[in-house]
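Each chain is listed here by its residues.
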Amino acid sequence: MIILTRIDDRLVHAQVVVGWGRELNPGRIIVADDEVASDEWESELYMSAASSEIRVSILPVRGAFEQISAGVFDAERAILLVKGPAEILRLLDMGLEIGEVNVGGMHFRDGKVKVLENVYLDDGDRMALRELVKRGVTLEARALPGQEKVILNSRVV
Amino acid sequence: MKENDAIGIIVTHGNLAQELLNTVESIVGKVDFCQAISNADLNDEALIERVRKIIDEHSDAYSILFVDYFGGSCSMNCSRAVKGYDRAVVISGINLPILLDFVTKRGTMGPEEIIDHLIQRGQESVRVIDP
């Protein structure tokens, strides 16, 4: 069971493991990212970043979709992490149902404009987020569960 | 610089790195071989680049990176930053005793030896005080 779907370009880090972990008590974190999944060193780094109570699966986007839809994680409380909106779009295209996405961390890079403290967007991000909105996804932005949800939907159209 | 010399790069969340360095300096005086970096204003790539630049500028010395939290983004990005460097290492879970010993004992022992010493010092200083 996916209890949180989150966009965070830092993937597994303290905010997720400690900040969300203590609120949601996840048994697993699923990272859906082609680049990380094909890099053994990076995969091990992310796996080492979780606490001992949380198992970590690092999968390419297609593999994540297949395992989630096959019910591999149905018995667990799982957090699904992706680096950006493009991965969410691919998961939707494959047929995964996603109603709400937590926009947790899209950090500053050249060419990106600040929207919120934890959200910087360029045109490509806006386009991808807009597409998510079109498909009925609610975009709630906040870094941590104790913060107020900011609904981004009207800000990206 | 002498062969045994090491520089310190403190990398943390928020203002912790700068405040740790300020506190060290309030105890031992000005320290010119340590730098403090916060992850607050830097994205991952920029942080890695900043750290590597410091390591490269001090290629005659050993670089010890001090990070606050194992598994946090600072420790992740510092791990990436030292990948491929023979004379750079990351120590996570830092505390004031570790930094004070680094600053005061640096140069009295070789890099490998001081790293072992700092880890031991840090661990020994975490204890229950129950008078």
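Just so you know, these numbers come straight off a predicted model, no measurement behind them.

Student: Lay out the interface of chain A and chain B with the relevant residues and their values.
Tutor: On the side of chain B, eight residues touch chain A, which itself brings 11 residues to the contact. Breaking the side of chain A that touches chain B down by element, the ones donating at least two residues are α1 (14-24) and α3 (40-49) of chain A. At three residues, α3(A) tops the list of elements feeding residues into the side of chain A that touches chain B. A breakdown of the residues in the side of chain A that touches chain B according to their chemical character gives six nonpolar, three polar and two charged.

Student: Kindly report on the sheet that holds strand β2 (residues 34-38) of chain B, identifying the contributing residues and their values.
Tutor: Residues and elements named next belong to chain B. Judged by pairing direction, the sheet is parallel, and its four strands sit side by side in the order β2-β1-β3-β4 without closing on themselves. The open sheet is flanked by β2 and β4 (88-92), the only strands paired with a single partner. Ignoring which end each strand starts from, the neighbouring axes of this sheet average 20° apart. Pairing between strand β1 (residues 6-12) and strand β3 (residues 62-67): six bridges, direction parallel. In the strand pairing of β3, Gly8 is matched with Ile64. This element, helix α2 (residues 44-57), spans β1, β2, β3 and β4 of the sheet and lies at about 175° to β2. Docked against the sheet, helix α3 (residues 73-82) engages β1, β3 and β4, running at close to 165° with respect to β4.

Student: If you had to explain the pairing of β4(B) to someone new, which residues and values would you point to?
Tutor: The pairing of β3(B) with β4(B) spans five bridges and is parallel. Bridged to B:Ile64 within β4(B) is B:Val89.

Student: Explain the environment of A:Leu116 residue by residue, including any values.
Tutor: Residues and elements named next belong to chain A. Within the fold, Leu116 resides in strand β6 (residues 113-116). As a C-alpha pair, Leu116 and Lys83 span 33 residues in sequence and 17 Å in three-dimensional space. Not counting the four nearest positions on each side in its chain, Leu116 is found in contact with Ala141 and Val150.

Student: Which residues make up the environment of B:Phe70, and what values go with them?
Tutor: Residues and elements named next belong to chain B. Tracing the backbone through its elements, the reader meets Phe70 in the loop between β3 and α3. A sequence separation of 28 residues divides Phe70 from Leu42, and the C-alpha atoms of the two residues are 19 Å apart. If we ignore the near neighbours within four places in the chain, the residues touching Phe70 are Ser75, Ser92 and Gly93.

Student: Describe helix α5 (residues 85-94) of chain A, listing the residues and the values that go with them.
Tutor: Residues and elements named next belong to chain A. Among the residues of α5, those classed as buried are Pro85, Glu87, Ile88, Leu89 and Leu91. The secondary structure elements touched by the buried residues of α5 are β1 (2-8), β2 (28-32), α4 (61-69), β4 (78-82), β5 (100-105) and α6 (123-134). One or two positions beyond α5, positive phi appears at Gly95, with a value near 115°.

Student: Quick one: what's the story with the environment of B:Leu118, residue by residue and with numbers?
Tutor: All names here are of chain B. When you line up the elements, Leu118 lands in helix α5 (residues 111-124). The class of Leu118 is buried, set by 22 C-beta atoms lying within 10 Å. Residues Leu118 and Leu100, 18 residues apart in the sequence, show an inter-C-alpha distance of 9.4 Å. Setting aside anything within four residues of it in sequence, one finds Leu118 in contact with Ile91, Ile98, Asp101 and Phe102.

Student: So what about the sheet that holds β4(A)? Which residues, and what values?
Tutor: Residue and element names in this part refer to chain A. What the seven strands build is an open sheet, ordered β3-β2-β4-β1-β5-β8-β9; its pairing is mixed. A single partner strand is all that each edge strand has here, and the edge strands are β3 (55-59) and β9 (150-151). Strand contacts of α3: β2 and β3, with the helix running at about 155° to β3, the strand carrying the most contacts.

Conventions we followed
- Residues numbered from 1 in each chain as written.
- Chains lettered and ligands numbered in written order.
- Predicted model: local features only at pLDDT ≥ 70, side-chain atom pairs only at ≥ 80, totals over all residues.
- Contact = placed C-beta atoms within 7 Å.
- Helix = DSSP H or I, 4+ residues; strand = E, 2+ residues; numbered from the N terminus.
- Nonpolar A, V, L, I, M, F, W, Y, C, P; charged D, E, K, R; others polar.
- Pairing = 2+ DSSP bridges.
- Axes fitted to C-alpha atoms, helices over the stretch in contact; angles between N-to-C directions.
- Buried ≥ 20, exposed ≤ 12 C-beta atoms within 10 Å, placed from the backbone.

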